[in-house]
Amino acid sequence: MTQPHTLPGCTRHPETPTGLSCIRCEKPYCYRCLTDGSVGKQCPDCLAEGKKSQRRGVNLVGNEDEHVRPIVMPVLIALNIVVFAITVVQAGSVNNLAASWVYDNGAMWNLAVAGDQWWRLITSAFLHVALWHLAVNMLSLWMLGQELEPLFGRIRFLLLYLLSAVGSAVAVFLFSEGAVGASGAIFGLLGAVVVVFIRKRQSLQPLLMVFGLNVVFGLVIGNVSWVGHAGGLVTGALVAAGLIYVPVASRKLWQTINLVAITAAVIGLAIFQYYEMPRQECDPPGARILCGPVDPN
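Every chain is numbered on its own, with residues counted from 1 as its sequence reads. Selection of residues for local features in this predicted model requires a pLDDT of at least 70, selection of side-chain atom pairs for listing and counting requires 80 or more, and totals for whole chains, interfaces and linings are taken over all residues. With hydrogens and water set aside, each side-chain value is computed from the structure's full complement of heavy atoms.

## Focus on the overall build of the protein chain
Point 1. Secondary structure counts use DSSP, requiring at least four H or I residues in a row for a helix and at least two E residues in a row for a strand, with both numbered from the N terminus. The helix and strand inventory of the protein chain stands at 11 helices and six strands.
Point 2. Burial classes follow relative accessibility: with a 1.4 Å probe on protein chains only, a residue under 20% of its type's maximum area counts as buried, one over 50% as exposed, and anything between as partly exposed. Expressed as a percentage of the 297 residues in the protein chain, the buried residues total 42%.
Point 3. Considering only contacts in the protein chain between residues 6 or more positions apart, those separated by 24 or more positions represent 61%.
Point 4. All accessible-area figures derive from a Shrake-Rupley calculation using a 1.4 Å probe, and residue coverage is judged against the displayed protein chains alone. When the accessible area of the protein chain is evaluated, it comes to approximately 17,000 Å², of which 63% is carbon and sulfur surface. By definition, residues are in contact when any of their heavy atoms lie within 4.5 Å.

Spelled out as structure tokens, the structure:
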């Protein structure tokens, strides 16, 4: 007399008999555990192992995931808003922010930088002269950041922003007297967008409209640091090009080399100008009207 045939139990649910099995490992699994794959039904373990062995696609910058939620951009916006609020509280006004200690000690001012106050090359990018100035820059940062941060990745996007800000301030140090605001960094992001559009062979017409609006806005408002805007634009474009136009096989190495080279060039220009200008001292530190040439020894 023959024994009745019994089905094996599911690997994950032993109490459930099944006649199905994974196409890869051939272990018995019930219908709840198996998933249709390209070569048949697979169990969860084999699916997970297959995903690990698959090479993830990367974009033109080398970023693997363009769908991450921007974090750096909102943090930068929040930081700018907090700094603006501090300057307003210290000045007791939204119209005379120069009375704020933070503003007076952080604004880009050539004489102060020549007096060894190097931090102004970066702190000036987080200061604004009025609420409208802050609003325009933060709106621009939000619009550009939500596109560029997922494309470049968080670290690359942060480096792009900060290098553009410093590049803008160094341009002011070389060719102007002083400036404040995130506009230089914003124009750096615009420069990066231009490089991306060129790389993707997309029409630059929408960007020309954006640049045109900025030019008109600058002419209407007046007192705009075109030197700072140009410095940020060029720096941002160079950073983006240094991240995009690199050999794919050694992308990270060349991206690092290019970023180091651009950083060194920006710092080198600042040091060159520092020794070209008459040495300055500020007494007390930050008091712009009291900055003057240092007497030779």
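Moving on from the coordinates now.
## Details of helix α10 (residues 226-244)
Point 1. Here the expected span of a helix is defined as 1.5 Å times the quantity of residues minus one. In a regular helix each residue adds 1.5 Å, so 19 residues correspond to 27 Å; α10 covers 27 Å between its end C-alpha atoms and thus fits that length.
Point 2. Inspection of α10 places Gly228, His229, Gly231, Gly232, Thr235, Gly236, Val239, Ala240, Gly242, Leu243 and Ile244 among the buried residues, and these make up the whole buried set.

## Overview of the pattern of salt bridges
Point 1. What makes a salt bridge here is a side-chain nitrogen of Lys or Arg within 4 Å of a carboxyl oxygen of Asp or Glu, nothing more. Applying the stated criterion across every chain, the model contains two salt bridges.
Point 2. Arginine 12 serves as the salt-bridge partner of aspartate 45, at 3.1 Å between the closest nitrogen and oxygen. Taken together, the residues span a long stretch of sequence, with aspartate 45 in helix α1 (residues 44-53) and arginine 12 in the segment before β1 (35-37) at a distance of 33 residues.
Point 3. For aspartate 45, a relative accessible area of 46% puts it in the partly exposed group.

## Section: the nonpolar core
Point 1. Definition used in this section: a nonpolar core is a set of buried Ala, Val, Leu, Ile, Met, Phe, Trp, Tyr and Cys residues joined via side-chain atoms within 4.5 Å. Ranked by internal contacts, the top residues of the largest apolar core, which has 61 residues, are Leu141, Leu148, Phe152, Phe157 and Leu189.
Point 2. Going through the elements one at a time, α2 (72-91), α4 (110-114), α6 (131-152), α7 (154-175), α8 (183-200), α9 (205-221), α10 and α11 (251-276) are the ones with two or more residues in this core.
Point 3. It is α8 that provides the largest number of residues to this core, a total of 11 residues.
Point 4. The contact partners of leucine 141, leaving out residues within four places of it in the chain, are Met73, Leu76, Ile77, Gln146, Phe157, Tyr161, Ile186 and Leu189.
Point 5. Counting residues in each nonpolar core, the second largest holds eight residues, with Cys22, Cys30, Cys43 and Cys46 among its members.

## Things to note about the packing of aromatic side chains
Point 1. Only centres within 6.5 Å qualify two rings of Phe, Tyr or Trp (six-membered ring in Trp) as a pair; their planes then separate them into stacked at under 30 degrees, edge-to-face at over 60, and tilted for everything else. Scanning the entire structure with this criterion turns up two aromatic pairs.
Point 2. For the ring pair tyrosine 274 and tyrosine 275, a centre distance of 5.0 Å and an interplane angle of 85° mean the geometry is edge-to-face.
Point 3. Accessibility expressed as a relative area gives 60% for tyrosine 275, which makes it exposed.
Point 4. Following the ring pairs from residue to residue traces out a cluster consisting of Trp118, Tyr274 and Tyr275.

## A short note on unusual backbone geometry
Point 1. The residue glutamate 26 is not glycine, and still its phi comes out positive at about 65°.
Point 2. Inspection of the secondary structure puts glutamate 26 in the segment before β1.
Point 3. Classification of glutamate 26 as exposed rests on a relative accessible area of 62%.
Point 4. In the Ramachandran plot, aspartate 116 falls in the positive-phi region, its phi being about 75° despite a non-glycine side chain.
Point 5. With respect to the element layout, aspartate 116 can be found in the loop between α4 and α5 (120-123).
Point 6. By relative accessible area, which is 38% here, aspartate 116 ends up partly exposed.

## Thoughts on α11
Since one α-helical turn is 3.6 residues long, residues separated by three or four positions face the same way.
Point 1. With 26 residues, α11 extends 37 Å from end C-alpha to end C-alpha; this agrees with the ideal 38 Å at 1.5 Å per step.
Point 2. Listing the buried residues of α11 in full gives Arg251, Gln255, Leu259, Ile262, Val266, Ala270, Gln273 and Tyr274.
Point 3. Those residues of α11 that are buried are in contact with α4, α5, α7 and α10.

## Quick word on the side chain of glutamate 149
Point 1. Within the element layout of this structure, glutamate 149 appears in helix α6.
Point 2. We classify glutamate 149 as buried; its relative accessible area is 1%.
Point 3. Here a polar contact is taken to be a pair of N or O atoms separated by no more than 3.5 Å, where protein atoms must pair a possible hydrogen donor with a possible acceptor and residues adjacent in sequence count only if both atoms sit in side chains. In this structure the side chain of glutamate 149 is engaged in a polar contact, spanning 2.7 Å, whose partner is the backbone nitrogen of isoleucine 71.
Point 4. A polar contact is formed between the side chain of glutamate 149 and the backbone nitrogen of methionine 73, at a distance of 2.9 Å.
Point 5. What glutamate 149 contacts, discounting residues up to four positions off in sequence, is Pro70, Ile71, Val72, Met73, Arg154 and Phe157.

## Concerning a nonpolar patch on the surface
Point 1. Grouping into patches uses exposed residues only, defined as over 30% relative accessible area, and leaves out salt-bridged ones; the cut-off is 9 Å for like charges and 5 Å for nonpolar side chains (Val, Leu, Ile, Met, Phe, Trp, Tyr). A grouping of Trp118, Ile267, Ile271 and Tyr275 is seen on the molecular surface, where their side chains present a nonpolar patch of about 410 Å² in accessible area.
Point 2. For tyrosine 275, the location among the structural elements is in helix α11.

## A word on the packing of α2 against α6
Point 1. Across the interface, α2 lies against α6 with an axial gap of 9 Å and an inter-helix angle of 170°. Relative to α6, the element α2 lies roughly antiparallel. Residues Val72, Met73, Leu76, Ile77, Asn80, Ile81 and Phe84 of α2 form the contact with α6, whose participating residues are Leu131, Leu134, Met138, Leu141, Trp142, Gly145, Gln146 and Glu149.
Point 2. Here the term charged refers only to Asp, Glu, Lys and Arg, the term nonpolar to Ala, Val, Leu, Ile, Met, Phe, Trp, Tyr, Cys and Pro, and the term polar to all other amino acids, Gly among them. Residues that form the contact of α2 with α6 fall into these classes: 11 nonpolar, three polar and one charged. Every axis corresponds to a line fitted to the C-alpha atoms, with the helix fit spanning only the stretch in contact, and the corresponding angles, defined between N-to-C directions, vary from 0 to 180 degrees. Angles are sorted into four bins: roughly parallel if under 35 degrees, roughly antiparallel if over 145, roughly perpendicular if 65 to 115, and oblique for all others.

## Considerations on the confidence of the model for the protein chain
Point 1. Values of pLDDT, which run from 0 to 100, indicate the predictor's confidence residue by residue. Per-residue confidence for the protein chain gives a mean pLDDT of 84, with 84% of residues at or over 70.
Point 2. With pLDDT under 50 throughout, residues 284-297 is counted as low confidence; its partners more than four residues away or in other chains account for 28 contacts.

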